[in-house]
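A closer look at the structure
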Amino acid sequence: MDNAVKLNFPSDPRYLGVVRGAIERFAALVGFDEEDCRWITLAVHEALTNVIRHAYHNKHDQPVELRLRERDEGMEVVMVDHGTGVKPEQMCGRELDDVRPGGLGLHMIREIMNETQYMPLEGRNELHLYKKRGTKTSVGE
Amino acid sequence: MNISTRQQGNSTLVDVHGDIDLYNSPEVRKIILEELKEKKVARLIVNLTGVRYIDSSGVASLVEGLKVSRTMSSRFMLYGLSPAAREVLELSRLIRVFEVYGTEQEALQAK
């Protein structure tokens, strides 16, 4: 992933705000409007909280790598962790008609990003996200 | 993030300032559930005018508050949603399950 901005940080929720700031500014730099910058930031933030909660089981000292890059008139994000992986088919989200806490993050990521690919690899997990400029996120019923 | 409570007539208001995310949503959840379960307030109104950002864990805290309020026969209301907070509730299709008002006055006067 050439020409990528790389961020390395521990899996501590205290740093979430710092990481959000970097993502939002990168999305703006790539040319997304203010609303899309918020959406992209939310999607990447949700992916990161999933890593903290599910891959690292709320351990706050584990390594996370984030790579941000401009690609094909859009923005590509790769998130790498070294925690517990899941099978891609297990990442199914939940029905939104069931009003209850939890399980919303994956739904948000898929609604916002054009491409979502999760890869459990040897010794690490990679999540690849891509959003193309001009593809608006729908929040309708 | 700062969170505090105050009383207005028979309503308890929870004022939240700052981002609500995985780092601090447990505190929001704790305060809301304390008011509903232990203090058994009749009407709980969450003031989100000072919240610029809310993630799925913050939304989950609000949903839990709503569900507990139903079991306690309390009212649970939100007001002052920022565009970002409203977007997140709309994206999660949850905006329709909450009582949402624009201002504190509207929430306090809600029948």
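Described below are features of the structure shown in this document. Quantities reported herein were computed from a predicted structural model and do not represent experimental measurements.

Conventions adopted
- Residues numbered from 1 in each chain as written.
- Chains lettered and ligands numbered in written order.
- Predicted model: local features only at pLDDT ≥ 70, side-chain atom pairs only at ≥ 80, totals over all residues.
- Heavy atoms only, no water.
- Pairing = 2+ DSSP bridges.
- Helix = DSSP H or I, 4+ residues; strand = E, 2+ residues; numbered from the N terminus.
- Axes fitted to C-alpha atoms, helices over the stretch in contact; angles between N-to-C directions.
- Contact = heavy atoms within 4.5 Å.
- Expected span 1.5 Å × (residues − 1).
- Buried < 20%, exposed > 50% of the residue type's maximum accessible area, 1.4 Å probe, protein only.

**A short note on the sheet that holds strand 1 (residues 5–10) of chain A**
Residues and elements named next belong to chain A. A sheet is described by the order of its strands in space; here five strands give the open sequence 1-2-3-5-4, paired in antiparallel fashion. What marks the edges here is a single partner per strand, and that holds for strand 1 and strand 4 (115–121). Taken pair by pair, the neighbouring strands of this sheet meet at an average axis angle of 15°, ignoring direction. In the sheet, strand 4 pairs with strand 5 (residues 124–132) via seven bridges, with the strands oriented antiparallel. Counterpart to E115 in the pairing with strand 5 is Y130. Sheet strands in contact with helix 1 (residues 16–30) are strand 1, strand 2 (63–71) and strand 3 (74–81), and its direction is about 10° off that of strand 2.

**Here's the deal with helix 2 (residues 56–71) of chain B**
The α-helix winds at 3.6 residues per turn, so residues separated by three or four positions along the chain end up facing the same way. For helix 2 of chain B, spanning 16 residues, the distance from its first C-alpha to its last is 23 Å, which sits close to the expected 22 Å at 1.5 Å a residue. A large share of helix 2 of chain B lies buried, amounting to twelve of its 16 residues. S56, S57, G58, V59, A60, S61, L62, V63, G65, L66, V68 and S69 of chain B are the residues of helix 2 of chain B that are buried. Those residues of helix 2 of chain B hidden inside the fold are in contact with helix 2 (34–55) and helix 3 (105–112) of chain A together with helix 1 (25–38), strand 3 (43–50), strand 4 (75–79) and helix 3 (83–91) of chain B.

**A look at the sheet that holds strand 5 (residues 99–101) of chain B**
All names here are of chain B. Reading across from one edge, 1-2-3-4-5 is the order of the five strands in this open sheet, with mixed pairing throughout. Looking at which strands have only one partner, the edges of the open sheet turn out to be strand 1 (2–8) and strand 5. For this sheet the average axis-to-axis angle between neighbouring strands, irrespective of direction, equals 25°. Note: strand 4 against strand 5, three bridges, orientation parallel. Counted as the bridge partner of M77 is E99 from strand 5. The strands touched by helix 1 are strand 1, strand 2 (11–17), strand 3 and strand 4; relative to strand 1, the strand with the most contacts, the crossing angle is about 20°.

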